[in-house]
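Chain and residue survey
One letter stands for each residue in the lines below.
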Amino acid sequence: MDTSSQSIPTSIPSLLADYLSPLSPQRSERLHKLHNLVIASYPDANLSLKYKMPTYEQGAGWVALANQKHYVSVYTCARVHIQPYLDKHPKTKCGTGCLNFRDNDDIVFEDLKPVLASAFSKK
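Presented here is a report on the structure given in the accompanying data block.

1. Section: the overall build of the protein
Of regular secondary structure, the protein possesses 4 helices and 6 strands. N-terminal to C-terminal, the α/β element order of the protein is α-α-β-β-β-β-α-β-β-α. Within the protein, the proportion of its 123 residues that are buried is 43%. Across the protein, the fraction of contacts at a sequence separation of at least 24, relative to all contacts at a separation of at least 6, is 53%. Counting only carbon and sulfur atoms, one obtains 53% of the accessible surface of the protein, whose full area is about 6700 Å².

2. Let's talk about the packing of helix α2 (residues 25-41) against helix α4 (residues 113-120)
Orientation of α2 relative to α4, taken along the N-to-C sense of each, is 60 degrees, at an axis distance of 11 Å. The pairing of α2 with α4 is recorded here as oblique in orientation. For the element pair α2 and α4, the recorded crossing hand is right-handed. Across from L37, V38 and S41 in α2, the residues of α4 making contact are K113, L116 and F120. Across the contact of α2 with α4, the residue classes break down as 4 nonpolar, 1 polar and 1 charged.

3. Comments concerning the pairing of strand β4 (residues 71-75)
Counted residue by residue, β4 has 4 buried out of 5 residues, so it is predominantly covered. Both strand β3 (residues 61-67) and β4 contribute to a ladder of 4 bridges, which runs antiparallel. Counterpart to A64 in the pairing with β4 is Y75. Taking the residues that link successive antiparallel strands as the turn, the β3-β4 hairpin has 3 residues.

4. A few points about the sheet that holds β4
What the 6 strands build is an open sheet, ordered β1-β2-β3-β4-β6-β5; its pairing is antiparallel. Two strands lie at the open edges of the sheet, namely β1 (46-50) and β5 (93-94), each paired on one side alone. Each of β1, β2 (53-58), β3, β4 and β6 (98-102) is contacted by α2, which is oriented at about 170 degrees to β3, the strand it contacts most. Across the face of the sheet, helix α3 (residues 79-88) comes into contact with β5 and β6 while running at roughly 45 degrees to β6.

5. As for the packing of aromatic side chains
Aromatic ring pairs: the centre-centre distance and the angle between the two ring planes describe each pair. According to the stated counting rule, one finds 2 aromatic pairs in the structure shown. With 4.5 Å between their ring centres and 40 degrees between their planes, Y42 and F120 make a pair best called tilted. Here Y42 is found in the loop between α2 and β1, whereas its partner F120 is found in helix α4, with 78 residues between them in sequence. Take Y42 and F120: they sit in the same class, and that class is buried. Between the aromatic rings of Y85 and F101, the centroid separation amounts to 5.6 Å while the plane-to-plane angle is 85 degrees, which identifies the pairing as edge-to-face. Linking Y85 in helix α3 with F101 in strand β6, this pair joins segments that are 16 residues apart in sequence. F101 gets classed as buried once you look at its relative accessible area, which sits at 1%.

Criteria and cut-off values
Residues numbered from 1 in each chain as written. Predicted model: local features only at pLDDT ≥ 70, side-chain atom pairs only at ≥ 80, totals over all residues. Heavy atoms only, no water. Helix = DSSP H or I, 4+ residues; strand = E, 2+ residues; numbered from the N terminus. Buried < 20%, exposed > 50% of the residue type's maximum accessible area, 1.4 Å probe, protein only. Contact = heavy atoms within 4.5 Å. Areas by Shrake-Rupley, 256 points an atom, 1.4 Å probe, with all protein chains shown as cover. Axes fitted to C-alpha atoms, helices over the stretch in contact; angles between N-to-C directions. Parallel < 35°, antiparallel > 145°, perpendicular 65-115°, else oblique. Left-handed = near helix turned anticlockwise from the far one by under 90°. Nonpolar A, V, L, I, M, F, W, Y, C, P; charged D, E, K, R; others polar. Pairing = 2+ DSSP bridges. Phe/Tyr/Trp six-rings, centres within 6.5 Å; stacked < 30°, edge-to-face > 60°.

Note that every value here comes from positions in space, so none of it alone points to a role or purpose.
Structure, rendered in C-alpha cells:
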C-alpha cells in the first residue's frame, strides 16, 4: 500500500501515457503518483525520455522513473540523493543512486521529497 493523499489526474503528458499504457494498473498507478509528486514539487521540470525512462530535468539536476521487471525505480545520479529516504526506510532496496520499490513495498511519497530536492539541486 502506498502512503499518499495524492489523487491521479485524468490528464497526463502523452510521453508518460505512452510509457504507462502497457503496464499493469498497479505499476501504472505507482509511476503516475511518482510523476505527480515530481511535477507538484518541481512544476518547471522538463519531462523527456532518456534511456527509455521518463526523465525530469531542472537546471543541472535530474530524476528518472522506470518500470523494471520486479519493481518501479526512482533514479538519481548518486547515493547522497537517496540517503534521506534510506535513513527513514533502511529496508528499501536500492542501487548506487536509485530506490527500487517492489509491488508489495510501501512507498512513502512524503519521504521522497528530500530525495527530489537533493537530486534537483545538483550543481
